[in-house]
Amino acid sequence: MNTLTRDGLRKLVGEWMAAGKICVGPVRVKPGTVLFARLTSPEELLLDGWVRPANSIKELLLPRNETLYGYRVEKNRIELLDPPETIPEQIAICAHPCDAAALPILDKVFNWDFRDEAYNRRREATTVITLVCAEHDEECFCTSVGLAPDATGGSDAMLYDLGDGQFAVSSLTEKGRAILGEAEAHGGHASAPPVRFDPKQIARFAVDRFADPFWQAHSLACVGCGACAYTCPVCHCFDIVDEGNGREGVRARNWDACQFSLFTLHASGHNPRHAQGDRQRQRIYHKFHVYPEKFGETLCTGCGNCARNCPVGLGVLPLITEIPHAEPV
Amino acid sequence: MQNLYKPDLMEVVGVKKHTSDVKSISLRFQDAERAREFTFRVGQFGIFSAFGAGESTFNICSSSNWRDHIEFCFRKVGRVTEALWQVEEGDTVGFRGPYGRGYPVEEWRGKDLIFLGGGIAMPPIRCAIWYALENRADYGKITVVYGARTVGDLVFVDELAEWAKHPNVQVIQCVDPGGQTPDWSGEIGFVPTVFERAQVPAGHAVSLVIGPPIMIKNTIPVLERMGARMSDVYTSLENRMKCGVGKCGRCNAGPVYVCKEGPVFTFQELQAMPMDY
């Protein structure tokens, strides 16, 4: 199947849903808000024109709240209860290339040395169908971090909007072929944002000017809400907490964010990153220096969600464009 | 399928109260096979947990030669440690580990050992002291300088006396001025000052310095004056952790993940890292 009409795609989605697969795609959850959300009907899927959901598909692999295991206490005996072994198959539909590109990046964090089976089980159960971006907005900067509006990394299949109510389909992996069949069509228009900076320059600035007043000065507006990290396709920091009481409950993994003041607070009261500027620097430093040093890639896919969702106009691109000598290259 | 975060269940086989807010707990694996196969290096840490309260990170403060149990030591300061404070013999707690890079005790062979500790920093030094004493022929003179704010804040005091009985071991205890009791027989002063007064040559020694940042800051220049090379001076960082396995993203000091590449570092390594700890 080399092309699909919009209705044809909806019909397929309906079949997948009927087969018990969890289908996730851009949904207008309320006026003015589009999220990647679990579809309750194929009609909810937004297929008209370019939309940038406020969240990312990382939620399929790293849910905001995930039970690592349960516990039950009987006097001084404790029983640990495994979460369900099988994860239902889930399909992300109309992911952006910057969402899909996050998956191979996250794979590395969750598999270096220690393998994180909770993550890997969800990853294995996830199929990603990516829609090539035919438009971009002013927050987009995928081309600055080595990606493109038609980048295929992390995708199992690509859809190209042919503009006449039809998509060209290209199946890239076994998972893609399993649901869309053999397909190798391309076409349509890909809209690339201009290159805004060189990530190596940003890394150099973050390393050389680690203690620079720049970080404090440019994060005075930050309210530490963590929206940047929560909507980021690759931010993966988490907390582990007990949810329950002394008799029974679960040990859960919840999203966390480096912008929170408690994130690095020691029991002694010492906090290595006590000012918001230290935390903003950490976010840039991790994405452009720590991760590339460890894994050879930038921990940023240029989606622009951090800036779109920031209540005070910060985010990776707005902060980076304030860096001296980080003008367009 | 192996669950990275699922802890070993441990039976509490001993609880010791050191001060009004510090206890150490001894644990034995419930699973006999796991107990047999379990090994660690002194300096490594574990994630210990009280079910219903959560997990917390502590050094494994027993010697790696002790095969029948492990120990950890904590101060009661928060939700998890409040719960651990209530634990009694026979209770069950969780343990994940061992994690991180321990002390390179093989590289330390043939050298004198200088242990400098302040307050609650004794546990991660204590494991190395016992290890050295149990492998006594491998190491030269052992010097321990341990201080706390007051006499009541010193931990493992009975063991300090025991170490001092070993040949070629010098143990100096000190308390901050004003922290002494009428019958205090140790020194009065801060660890760096007391250590300098003792005039211990550090040129052929490995030093382990753990304590509050101000103690470490003032001890390093003394060690330099005593001839220590910063590549022979070690510490253990205490950055907050959740996963312990390089995933949760909070313990990095600069580009270094403390949970994986630490917690043990030489000061030469620390000097190359940005102030992020």
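From a predicted model like this one, the values you see are computed outputs, not experimental measurements.

Here we take up the overall build of chain B. Within chain B, the secondary structure is distributed over eight helices and 15 strands. Computed over its C-alpha atoms, the radius of gyration of chain B comes to 18 Å, within 12% of the 19 Å expected for a compact globule of 277 residues. Expressed along its principal axes, the backbone C-alpha trace of chain B runs to roughly 55 × 45 × 35 Å. Each of the 277 residues in chain B was classed as buried or not, and the buried ones make up 53%. Sequence separation of at least 24 residues holds for 69% of the intrachain contacts in chain B that already meet a minimum separation of 6.

On a plain count of helices and strands, chain A comes out with eleven helices and eleven strands. Computed over its C-alpha atoms, the radius of gyration of chain A comes to 21 Å, within 12% of the 20 Å expected for a compact globule of 329 residues. Over its C-alpha atoms, taken along the principal directions, chain A stretches across nearly 65 × 60 × 40 Å. Relative to its 329 residues, chain A shows a buried fraction of 43%. Taking all contacts inside chain A whose residues are at least 6 apart in sequence as the whole, residues at least 24 apart take part in 70%.

What follows is about the nonpolar core. If you look at the biggest cluster of nonpolar residues, it comprises 175 residues, and the most contacted ones within it are Ala92, Ile93 and Ile129 of chain A together with Leu113, Phe115, Ala128 and Val144 of chain B. Broken down by element, the residue count for this core peaks at eight residues, all from helix α3 (residues 122–134) of chain B. Residue-level mapping places this core at the junction of two domains, with at least three residues from each of domain 1 (8–99) and domain 2 (112–236) of chain B. Among residues more than four places away in sequence, those in contact with Ala92 of chain A are Val24, Ile57, Leu60, Thr126, Val128 and Ile129 of chain A.

Here the focus is the domain arrangement of chain B. By convention, interface size is frequently given as the accessible area that disappears when the constituent parts associate. All names here are of chain B. You can read the domains of chain B as domain 1 (8–99) and domain 2 (112–236). In this structure, domain 1 and domain 2 have C-alpha centres spaced 24 Å apart. Contacts between domain 1 and domain 2 engage 15 residues on the former and 14 residues on the latter. The class makeup of the residues in the side of domain 1 that touches domain 2 is five nonpolar, nine polar and one charged.

All names here are of chain B. Counting buried positions over the six residues of strand β5 (residues 70–75) gives five, a clear majority of the element. Summarising the sheet, strand β2 (residues 22–29) and β5 pair through six bridges and their orientation is antiparallel. Paired with Ser26 across the strands is Glu71, a residue of β5.

The next thing to look at is helix α5 (residues 191–198) of chain B. Residues and elements named next belong to chain B. Taken together, the buried positions of α5 are Val191, Pro192, Val194 and Phe195. One side of α5 carries all its buried residues, which in axial view fall inside an arc of 165°. Gln199 occupies a position one or two residues after α5 and carries a positive phi of about 50°.

Rules behind the numbers
For every chain, the first residue of the written sequence is number 1, and numbering continues from 1 along that sequence. In the order they appear in the text, chains get letters beginning with A and ligands get numbers beginning with 1. Where totals are concerned, whole chains, interfaces and linings use all residues; where local detail is concerned, this predicted model gives features only for residues with pLDDT of at least 70, and gives and counts side-chain atom pairs only at 80 or more. Only DSSP runs of H or I with at least four residues qualify as helices, and only runs of E with at least two residues qualify as strands; both kinds are numbered from the N terminus onward. As defined in this context, the radius of gyration uses C-alpha atoms, and a globule is described by 2.2 Å times the residue total to the power 0.38. Buried, partly exposed and exposed are defined by the number of other C-beta atoms within 10 Å of a residue's own C-beta, namely 20 or more, between the two limits, and 12 or fewer respectively, with C-beta atoms placed from the backbone. A pair of residues counts as a contact when their C-beta atoms, built from backbone coordinates, are within 7 Å of each other. For this analysis, nonpolar core means a set of buried Ala, Val, Leu, Ile, Met, Phe, Trp, Tyr and Cys residues linked through C-beta atoms within 7 Å. Start and end points for every domain follow an automatic or database-based domain assignment. Charged means Asp, Glu, Lys or Arg here, nonpolar means Ala, Val, Leu, Ile, Met, Phe, Trp, Tyr, Cys or Pro, and polar covers whatever is left, Gly included. Here, strands pair whenever DSSP counts at least two bridges between them. Summarising the geometry, the arc corresponds to the directions from the helix axis toward the C-beta atoms.

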